[in-house]
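Chain and residue survey
What follows is each chain in one-letter form.
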Amino acid sequence: MISKLRFKGKDFLTLMDFSKEEIDFVLKVSEELKSKYLRGEKHNYLEGKTIAMIFEKPSTRTRFSFQAAIAHLGAQSFYAMRSQMQLARGEPIKDTARVLDRYCDGLVIRTFGQEVVEEYAAYMSHPVVNALTDLTHPCQGLADLLTIKEKKGDFSKLKLAYTGDIWNVAQTLMVAAAIYGMKAYFARPKGYNPDKRIWKFVQEKMEETEAEVVLTSDLSEAVQGADVVYANTWHSMGGPEKEKEKRIKDFKPYQINNEVLKEAKKDAIFMHCLPGYRGEEMTDEVIEGPHSVVFDQAENRMHTEKAVLSLFIP
Ligand code: CP
Ligand code: NVA
């Protein structure tokens with residue numbers, strides 16, 4: 001039996017640090033908090049707490065869902081872009097981390113390298129929550145799992161087809177699929193491959209869970225018979241953005257449109273972490289169509305983040 005105490009004071013940096021049972025527990029708490037929110041019941045479990053938020057990349061969902069979650073939990077958030085902080089003038093992370101640790105009960109951070117969130121975690125006694133790095137987007141992963149659970153039930157019986165950049169979101173889904181024993185096909189042009197640390201984890205986990213995580217350049221192979229069709233941008237924030245034109249050419253055959261969606265199961269759901277680029281990774285008719293659950297998925301960001309904050313913040 002997992003107790004809530006297991007998570008107190010821990011960092012939330014990647015799903016790779018947690019077992020299936022622990023993730024199940026976080027999802028269960030997310031469902032409880034979602035029900036409370038929908039019933040209009042108070043859930044101010046973090047009354048009097050303070051949470052810092054440092055963002056180095058743009059954000060709509062992550063920033064506002066966290067700030068709404070923090071407000072509903074009765075805590076206060078302090079948001080700053082890195083460019084507004086002394087970090088931009090060269091103050092080291094290790095000093096920033098130790099200072100924020102004296103004021104705040106936790107830090108939510110969006111940045112580039114995973115080593116940055118790891119450095120904050122090393123210098124802070126309070127929990128650090130990864131709000132997206134180039135390597136992984138674990139908060140998105142939790143919301144995606146909750147959405148799939150709500151719409152489809154048991155993960156291990158499902159086939160997920162992903163197409164888009166092989167970056168943070170894809171890498172999080174690979175990890176989740178490996179942990180849950182899912183069949184997950186990632187369609188992309190040859191040469192776009194996951195980070196070595198992620199792939200090693202996925203290979204090892206697959207042996208244990210009998211998951212089937214496959215990289216393919218054949219979109220049909222991925223989408224055929226899929227229960228979940230997941231699209232993501234072709235040019236993620238950070239490095240990939242710089243090669244936007246090349247990527248638009250390379251990924252063109254990987255668009256999810258109504259023709260492609262017909263290859264999935266009749267009752268397949270269409271997911272996207274958003275922001276989405278209509279006319280690139282999916283057409284307007286797909287994102288606005290009957291299979292799309294993208295706004296339920298975006299809503300679930302807030303419920304799952306509430307679970308992380310209320311479990312991890314001491
Ligand atoms: N899905 C997601 O993280 O969106 P934002 O970049 O708007 O936060
Ligand atoms: N892969 C995308 C996700 C945005 C939420 C990016 O990193 O830009």
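Residues numbered from 1 in each chain as written. Chains lettered and ligands numbered in written order. Predicted model: local features only at pLDDT ≥ 70, side-chain atom pairs only at ≥ 80, totals over all residues. Heavy atoms only, no water.

**Things to note about the overall build of the protein chain**
For the record, the criterion: Helical segments are the DSSP runs of H or I of at least four residues, strand segments are the runs of E of at least two, and each set is numbered from the N terminus. Here the globule rule reads 2.2 Å times residues to the power 0.38, and the radius of gyration is calculated from C-alpha atoms. Burial classes follow relative accessibility: with a 1.4 Å probe on protein chains only, a residue under 20% of its type's maximum area counts as buried, one over 50% as exposed, and anything between as partly exposed. Shrake-Rupley sampling with a 1.4 Å probe provides the accessible areas, and residues are treated as covered by the protein chains on show and by no other component. We treat Lys and Arg as the positive residues and Asp and Glu as the negative residues; His and chain ends play no part in the count. Every charge is mapped onto a representative atom, which is NZ of Lys, CZ of Arg, CG of Asp or CD of Glu.
Summing up its helical and strand segments, the protein chain has 12 helices and 9 strands in all. In terms of overall dimensions, the protein chain is globule-like: its C-alpha atoms have a radius of gyration of 19 Å, near the 20 Å expected for 314 residues. In terms of overall dimensions, the protein chain has C-alpha extents of about 55 × 45 × 40 Å along its principal axes. In the protein chain, which comprises 314 residues, the share counted as buried stands at 58%. In the structure as shown, the protein chain presents an accessible area of about 13600 Å², 50% of it carried by carbon and sulfur atoms. The centroid of the 44 positive side-chain charges in the protein chain is displaced by 2 Å from the centroid of its 46 negative side-chain charges.

**Notes on the sheet that holds strand β4 (residues 128-130)**
Spelled out, the test is: One bridge is not enough; two strands pair if DSSP finds at least two bridges between them. Interaxial angles span 0 to 180 degrees and are taken between N-to-C directions of axes, which are lines fitted to C-alpha atoms, for helices over the stretch in contact.
The 4 strands lie next to each other as β2-β1-β3-β4, forming an open sheet whose pairing is parallel. The strands lining the two open edges of the sheet, one partner per strand, are β2 (76-81) and β4. Ignoring strand direction, the axes of neighbouring strands in this sheet form an average angle of 20 degrees. Pairing of strand β1 (residues 50-55) with strand β3 (residues 106-110) involves 5 bridges; the strand directions are parallel. From the neighbouring strand, I51 faces β3, where its bridge partner is G106.

**Observations concerning helix α3 (residues 93-103)**
Counted only if it meets this: Regarding the arc, it is the one traced by the directions from the helix axis to the C-beta atoms.
For α3, the full list of buried residues reads I93, T96, A97, L100 and D101. Down the axis of α3, the smallest arc covering the buried residues is 135 degrees, so these residues share one side.

**Structural notes on the site of ligand 2**
In plain terms, the rule: One heavy atom within 4 Å of a molecule or strand makes the whole residue count as near it. Here a polar contact means two N or O atoms within 3.5 Å. Within protein one must be a hydrogen donor candidate and the other an acceptor candidate, and residues neighboring in sequence count only if both atoms are side-chain atoms. Only protein atoms enter the calculation, which uses a 1 Å grid: trapped sets of points that fit a 1.4 Å probe without letting it out are cavities, open sets showing protein on both sides within 12 Å along at least five of seven lines are pockets, and any residue with an atom within 4 Å of a point is a lining residue. Any molecule with more than half of its atoms within 2 Å of a cavity's or pocket's grid points is regarded as sitting in that cavity or pocket. When residues are grouped by polarity, Ala, Val, Leu, Ile, Met, Phe, Trp, Tyr, Cys and Pro land in nonpolar, Asp, Glu, Lys and Arg in charged, and all others, Gly among them, in polar.
Near ligand 2, the surroundings consist of L132, W167, N168, V169, N232, T233, S236, M237 and L274. In this structure, a nitrogen atom belonging to ligand 2 sits 2.8 Å away from a side-chain N or O atom of N168. Within the contact set of ligand 2, a nitrogen atom lies 2.8 Å away from a side-chain nitrogen or oxygen of S236. Taking 270 Å² as the accessible area of ligand 2 by itself, protein coverage stands at 94%. Applying the majority rule of atoms within 2 Å of the grid points places ligand 2 in the largest pocket. Here the shell around ligand 2 is composed, by residue class, of 5 nonpolar, 4 polar and no charged.

**Notes on helix α5 (residues 138-152)**
We apply this condition: The length a helix should cover is 1.5 Å for every residue beyond the first.
Taking 1.5 Å of rise per residue, the 15 residues of α5 would be expected to cover 21 Å, and the 20 Å separating its terminal C-alpha atoms lies within 8% of that figure. With 11 of 15 residues buried, α5 is to be regarded as a mostly interior element. Taken together, the buried positions of α5 are P138, C139, Q140, G141, L142, A143, D144, L145, L146, T147 and I148. Following α5 by one or two positions, G153 has its phi on the positive side, about 85 degrees.

**So, the packing of aromatic side chains**
Note the following rule: Side-chain rings of Phe, Tyr and Trp, where Trp is taken by its six-membered ring, are said to pair if the distance between their centres is within 6.5 Å; with planes under 30 degrees apart they count as stacked, over 60 as edge-to-face, and otherwise as tilted. By definition here, charges over rings are those cases where NZ of Lys or CZ of Arg is within 6 Å of the ring centre and within 35 degrees of the ring normal.
Counted by the stated rule, this structure contains 12 aromatic pairs. For the pair Y192 and F251, a centre-to-centre distance of 4.8 Å together with 55 degrees between the ring planes defines the contact as tilted. Here F251 lies in helix α9 (residues 244-251) and Y192 lies in the loop between β6 (183-187) and α7 (196-209), a separation of 59 residues in the sequence. Neither residue differs from the other here; Y192 and F251 are each classed as buried. Consider the rings of W234 and F251, whose centres lie 6.0 Å apart with planes at 15 degrees: the pair is stacked. Separated by 17 residues along the polypeptide, W234 in the loop between β8 (228-231) and α9 and F251 in helix α9 bring together distant segments of the chain. In this structure, W234 and F251 share a single accessibility class: buried. Among the aromatic residues, ring-to-ring pairing joins F7, F12, F18, F25 and F312 into one connected group. When the ring centre of Y79 is taken as reference, the NZ or CZ atom of R63 above it lies at 3.5 Å. Its guanidinium or amino end placed over the ring of Y185, K159 lies 4.5 Å from that ring's centre, counting from NZ or CZ.

**Notes on the sheet that holds β8**
Applied cut-off: The contact rule is simple, with two residues in contact once any of their heavy atoms fall within 4.5 Å.
The parallel open sheet is built from 5 strands, whose spatial order is β7-β6-β5-β8-β9. The open sheet has two edge strands with one neighbour each: β7 (212-216) and β9 (269-272). Averaged over all neighbouring strand pairs, the angle between strand axes comes to 20 degrees, with direction disregarded. Of the pairings in the sheet, the one linking β8 to β9 comprises 4 bridges and is parallel in character. Residue pairing across strands places A231 opposite H272, the latter belonging to β9. Sitting on the sheet, helix α12 (residues 294-312) touches β8 and β9, and the angle it makes with β9 is about 50 degrees.

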